[in-house]
Amino acid sequence: MTHEQEWDEEYDVIVVGSGGGALTGAYLAARAGLDTVVVERTGRLGGTSSYSGGAMWLPGSPVQRRDGVPDSTESARTYLRALLDDSAEAKLETFLAQAPALVERLEQDPALTFTFQAFPDYYERPGRVPGGRSFVPRALDPAELGDDLLALIRPPLDRDRAGQDHDTSAPLTAGRALIGRLLLAYHRTGHGAVTTDTVMDELAATPRRVTGILATRQGRRIRIGARRGVLLAAGGFEHNERLRGVHGVPGRSDCSMAPAGTNLGEPVEAAVALGAATDLMHEGWWCPGVRMPDGRPAFVCGFTGGLVVDANGSRYANESLPYDRFGREIQAEPDRTPSFVVYDSRTGGRLPAVTQPPWGDPSAHLDSGTLVKADTLEELAGILGVDAGRLTATVARFNSFADNGKDEEFAREADEFGHWFGDPVLRPVREAPYYAARIVLSDLGTKGGLVTDTSARVLREDGTPIAGLYAAGNTSASFTGPFYPGPGIPLGTAMLFASRATADMSA
Ligand SMILES: Cc1cc2nc3c(=O)[nH]c(=O)nc-3n(C[C@H](O)[C@H](O)[C@H](O)COP(=O)(O)OP(=O)(O)OC[C@H]3O[C@@H](n4cnc5c(N)ncnc54)[C@H](O)[C@@H]3O)c2cc1C
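Here the structure is a predicted model, which is why all the values come from computation and not from measurement.

### Quick look at the packing of aromatic side chains
The description of an aromatic ring pair uses the distance of the two centres, along with the angle that the planes make with each other. Per the counting criterion, the structure on display carries 18 aromatic pairs. For the pair tyrosine 316 and phenylalanine 326, a centre-to-centre distance of 5.9 Å together with 35 degrees between the ring planes defines the contact as tilted. Placement of the pair is tyrosine 316 in the loop between strand 12 (307-309) and helix 12 (323-331) and phenylalanine 326 in helix 12, with a sequence separation of ten residues. With relative accessibility at 7%, the residue tyrosine 316 sits in the buried group. Residue classification places phenylalanine 326 among the buried positions, given a relative accessible area of 2%. Through successive ring pairs, a cluster of aromatic residues spans Phe119, Tyr122, Trp285, Phe299, Tyr323, Phe417, Phe421 and Tyr484.

Written out as structure tokens, the structure is:
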């Protein structure tokens, strides 16, 4: 524990991290007149939030009403209660009660405008509404941001991973639009500072409260004081292989979708050093990942052809499951890593699915070995090291389902989510040559972390709050437990609980 000391800089509020939750908290603090600083470890703002679709699951708001979506707080409650257990009750009710007001407050700012974008919720449960209930930020003209703010925002996922330039005159969309809009609004308050390339790894505290952070900026140790509080909204620990091992998180750090160089989990460790409790530390927001030529996986969903088999050549799940649910199916047995998506020539070799970043040209995959091709299924099985008899039998059975339009094994045709990406969802695999691409477990981030209360205050093991310390987003344990109820839950909950932290600090 570090005691009161001389600060290099001092603010009312320190926000560590710069994703959707962090910038919502920072913006609302600055809008309330509190001098605020956003502390970001990398050179760019936005983290995984900037890679995201920008979907926000904040039910019962004016956005859904404007677009005539049959959403309400009551139907969202019915839906979440059908999924989550009683331990989620207090957070769930706070989330539902505060979501409409948060969206109304944000939309009072001309920089923050949202629109409904249909994408189904992830479970067939009471309270699910057709087309889902999440919404996205409107696209943002970079001219509105200006060059200085634009330069702070992480490039799009496909460019960022490949290290290529991108068209900086193109409108910012999805997660980048969210980060851009929040940054613009934050900047316009006149109370918001940003410091990049600054890694926070320690909390400063008196015996009574957290008073600031210690960080390293360009090799120099700095101490930043916080008169009101510190909000840790710095992602999970998905890129920290050691912590993944300690907590038994399935998958691997180099298979995570989080941007390189982000999210190593020091903020969680710093809070634990002050006595903070943690929960759900083995959990993540999962997805299947298809191997790319750069060696890392791409987030894959929305299969419109092919089938997925395990190392034995057997199918094990509905390929059209929402991605977190498919990721959990991969984890269920060791012989599902890697799995193989097997498809035929009707797509010209292109993967019959949606990926982030884009999967690209089949020839690049064939050259790098991330895609294999054969004239017969037996030959394909030989290359993959899969039992040829089992694979041909699996494909024959799948083809009979496809011919009849009914998946007798896993009901792939049954759910709205599967049809979202194209129809029919079942296509036979019988036109040579045949292809197979490797599927591994990937994640959008870990979802276990600091235990917080309904005001996002970080709690000790005995349930008492650590004064001056708050957490939101993947730095905190999600109240959704092992469920990913719908698109926009990570961002929606991060934003909501960051706003609760700011409200507590402003009180
Ligand atoms: C392709 C894709 C699409 C997705 N689409 C959606 C969607 O539409 N809706 C949705 O809700 N979710 C979506 N997700 C998931 C979602 O993006 C993440 O779960 C969420 O953004 C995590 O937010 P966060 O604030 O916790 O972390 P991040 O957004 O990752 O932000 C954390 C930031 O903190 C910084 N940081 C970390 N450690 C430190 C430190 N010690 N000091 C200073 N800074 C630090 C990091 O560098 C990073 O910039 C998607 C994910 C992917 C990959």
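Moving on, there is more to tell.
### Here's the deal with the pattern of salt bridges
According to the stated counting rule, one finds 34 salt bridges in the structure shown. Where aspartate 12 meets arginine 227, a salt bridge forms, and the shortest distance between an N and an O atom there is 2.8 Å. Residue aspartate 12 is located in strand 1 (residues 9-16), and its partner arginine 227 is located in strand 8 (residues 220-232); the two are separated by 215 residues in the primary sequence. Judged by relative accessible area, which is 42%, arginine 227 ranks as partly exposed. Of the charged contacts, one joins arginine 81 and glutamate 89 as a salt bridge, the two residues approaching to 2.6 Å between their closest N and O atoms. Owing to a relative accessible area of 41%, arginine 81 belongs among the partly exposed residues under this scheme. Residue glutamate 89 is classed as partly exposed on the basis of its relative accessible area, which comes to 31%. One network of salt bridges, with partners in common, ties together Arg315, Glu319, Arg397, Asp407, Glu409 and Arg412.

### Some points on helix 4 (residues 73-83)
Within helix 4, the full set of buried residues consists of Ser75, Ala76, Arg77, Tyr79, Leu80 and Leu83. In this structure, the buried residues of helix 4 make contact with helix 5 (89-107).

### Things to note about the site of the ligand
Near the ligand you find 37 residues, and of these Glu40, Ser49, Met200, Asn474 and Leu491 are the closest. One of the side-chain nitrogen or oxygen atoms of glutamate 40 is found 2.6 Å away from an oxygen atom of the ligand. Between the ligand and alanine 55 there is a distance of 2.9 Å, counted from a nitrogen atom to a backbone nitrogen or oxygen. Taken by itself the ligand offers 1000 Å² of open surface, and the protein chains cover 97% of this.

Thresholds, definitions, all that
Residues numbered from 1 in each chain as written. Predicted model: local features only at pLDDT ≥ 70, side-chain atom pairs only at ≥ 80, totals over all residues. Heavy atoms only, no water. Phe/Tyr/Trp six-rings, centres within 6.5 Å; stacked < 30°, edge-to-face > 60°. Helix = DSSP H or I, 4+ residues; strand = E, 2+ residues; numbered from the N terminus. Buried < 20%, exposed > 50% of the residue type's maximum accessible area, 1.4 Å probe, protein only. Salt bridge = Lys/Arg side-chain N within 4 Å of Asp/Glu carboxyl O. Contact = heavy atoms within 4.5 Å. Near = heavy atom within 4 Å. Polar contact = N/O pair within 3.5 Å; in protein donor to acceptor, adjacent residues only side chain to side chain. Areas by Shrake-Rupley, 256 points an atom, 1.4 Å probe, with all protein chains shown as cover.

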